[in-house]
Amino acid sequence: MNKTFQNVFAKAKLENRSCFVAFVTGMDPDYKSSKQILIELSKSCDVIEVGVSFNTSTSDSSIIMSANDRALKSGAKTKKIFQLIREVKKEINSDTAFVTMGYLNQIHVYGINKYINDCKKSGVDGCIVVDSNNEAPEDDKIFKGLTKNNMAFIKLIAPTNDSDYIKQSLKKSSSWLYIVSYAGVTGSKKVNINNVKKLAKMIRKQSKIPIGVGFGIKSYSDVKKVSKLADLVVCGSSIVEKIKEGSKKGLSNTKLAQFVGKYVKKLSEGVKH
């Protein structure tokens, strides 16, 4: 298991709670504001997923797609996202784990080895590749490269996946496994607790690996419910909406970060058991 994730899980266990994971799109709404937001979120989050902007993402709702558009307009590129994470990690004191979330096509275009090397240089602790297939040669290459550099390959498990797919995914997962609570795009529905219970049971039969749950977790009470079933609770769309709301109010940099940070801190308190 990646060392930062080991520390994250140990701390949460000591404090009798689940881990809180926040997703934001890197460079939304701009580089400076995004940097301040990430610094602010590190105070209340165990893990931060940084979305690498992509203009044809297939798993994202209009909320995240709009964030991608804002980021791309502000000049977001994969290289700049790495720079952003590197700068943030130098400035924070917490042991927050950073994860990149992106698509296979953009990694392939960037170059798989280059992507992994830049993850390592930037202090990235793990990667989520939304549309990567367990049997694809590129998937193997990413898995081997990340493992060699002590970074986590975080696999997504959807309600449409069977126990064989879970078995395959477990072979490539060392730090945690990410349950998608429903079939569909991010934040488009409410979290499906029945799906979570069913998938968690299937995973627990095969492994003791920590389980994260995302998609449709939008409120403090959602976080509270899911934290009883999962080791990590992932919130994304509602945080991205908060960034948009703050931007529309004319907030930027530190003021926008504080506005978003206050909201996320309250959400994160739902992980306490």
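Calculation criteria
- Counting from 1, residues in each chain are numbered in the order their sequence is written.
- Note on the predicted model: pLDDT of at least 70 is required for a residue's local features to be given, and 80 or more for side-chain atom pairs to be given and counted; whole-chain, interface and lining totals, by contrast, use all residues.
- Think of the side-chain values as coming from all heavy atoms in the structure, minus any hydrogens and water.
- A pair is scored as a salt bridge if a Lys or Arg side-chain nitrogen falls within 4 Å of a carboxyl oxygen belonging to Asp or Glu.
- Think of it this way: any DSSP run of H or I at least four residues long counts as a helix, any run of E at least two long counts as a strand, and we number them from the N terminus.
- With a 1.4 Å probe rolled over the protein chains alone, any residue whose accessible area is under 20% of its type maximum counts as buried; one over 50% counts as exposed, and the rest are partly exposed.
- Here a cavity means grid points, on a 1 Å grid over the protein atoms only, where a 1.4 Å probe fits yet cannot get out; a pocket means an open set of points with protein on both sides within 12 Å along at least five of seven lines; lining residues are those with an atom within 4 Å of a point.
- Grid points are joined across faces, edges and corners, and a volume is the space filled by probe spheres set on the points.
- Remark: nonpolar core denotes a set of buried residues (Ala, Val, Leu, Ile, Met, Phe, Trp, Tyr, Cys) joined through side-chain atoms within 4.5 Å.
- When checking whether two residues touch, look at their non-hydrogen atoms; a contact exists if any pair is within 4.5 Å.
- Orient the strands so they point away from the viewer, and a crossover whose first-strand-to-second-strand path over the helix runs clockwise is right-handed.
- Two strands qualify as a pair provided DSSP detects at least 2 bridges between them.
- Pairing of aromatic side chains here covers Phe, Tyr and the six-membered ring of Trp, requires ring centres within 6.5 Å, and sorts the geometry by plane angle: under 30 degrees stacked, over 60 edge-to-face, intermediate tilted.
- Working rule: Lys NZ or Arg CZ, within 6 Å of ring centre, within 35 degrees of ring normal, means a charge sits over the ring.

**Considerations on the pattern of salt bridges**
For step 1, the next point in the chain: Throughout the structure, instances matching the rule amount to 17 salt bridges.
For step 2, the next point in the chain: Between Glu87 and Lys35 there is a salt bridge whose closest N-O contact spans 3.2 Å. Residue Glu87 is found in helix α4 (residues 78-91), and its partner Lys35 is found in helix α2 (residues 31-41); the two are separated by 52 residues along the sequence.
For step 3, the next point in the chain: The class for Lys35 is buried, based on a relative accessible area of 14%.
For step 4, the next point in the chain: Here Lys155 ties to Asp139 by a salt bridge, and the two come within 2.7 Å at their closest N and O atoms.

**Some details on the layout of surface pockets**
For step 1, the next point in the chain: The computed volume of the largest pocket comes to approximately 370 Å³.
For step 2, the next point in the chain: Along the wall of the largest pocket there are 19 residues; nearest its centre are Lys11, Arg17, Lys43, Ser44 and Asp46.
For step 3, the next point in the chain: Within the residue set of the lining of the largest pocket, elements represented by two or more residues are α1 (3-14) and α12 (253-268).
For step 4, the next point in the chain: No other element matches α1, which puts 3 residues into the lining of the largest pocket.

**Some remarks on the nonpolar core**
One recurring pattern in soluble globular proteins: nonpolar side chains tend to sit buried together.
For step 1, the next point in the chain: In terms of nonpolar packing, the biggest core is built from 64 residues, with Phe20, Leu41 and Val260 touching the most fellow members.
For step 2, the next point in the chain: Residues contacting Phe20, with those up to four places away along its chain left out, are Ser44, Cys45, Asp46, Val47, Val223, Val233, Cys235, Val264, Leu267, Ser268 and Val271.

**Regarding the pairing of strand β2 (residues 47-51)**
For step 1, the next point in the chain: Across the 5 residues of β2, 5 count as buried, placing the element largely inside the fold.
For step 2, the next point in the chain: In this fold, the crossover linking strand β1 (residues 19-25) to β2 by way of α2 has right-handed handedness.
For step 3, the next point in the chain: Pairing of β2 with strand β3 (residues 97-102), which is carried by 5 bridges, proceeds in the parallel orientation. Within β3, the position partnered with Val47 by the bridge is Ala97.

**Brief notes about the packing of aromatic side chains**
For step 1, the next point in the chain: Taken as a whole, this structure holds 7 aromatic pairs when the rule is applied.
For step 2, the next point in the chain: Ring centres of Tyr110 and Tyr115 lie 6.1 Å apart, and the angle between their planes is 90 degrees; this geometry places the pair in the edge-to-face category.
For step 3, the next point in the chain: Exposure remark for Tyr115: the relative accessible area of 4% places this residue in the buried category.
For step 4, the next point in the chain: Arranged with centres 5.7 Å apart and planes meeting at 20 degrees, the rings of Trp176 and Tyr178 form a pair that is stacked. Each member of the pair, Trp176 as well as Tyr178, carries the same accessibility label: buried.
For step 5, the next point in the chain: Taken together, the ring pairs connect Phe5, Phe9, Trp176 and Tyr178 into an aromatic cluster.
For step 6, the next point in the chain: We note Lys114 situated over the ring of Tyr110; from NZ or CZ to the ring centre the distance is 4.4 Å.

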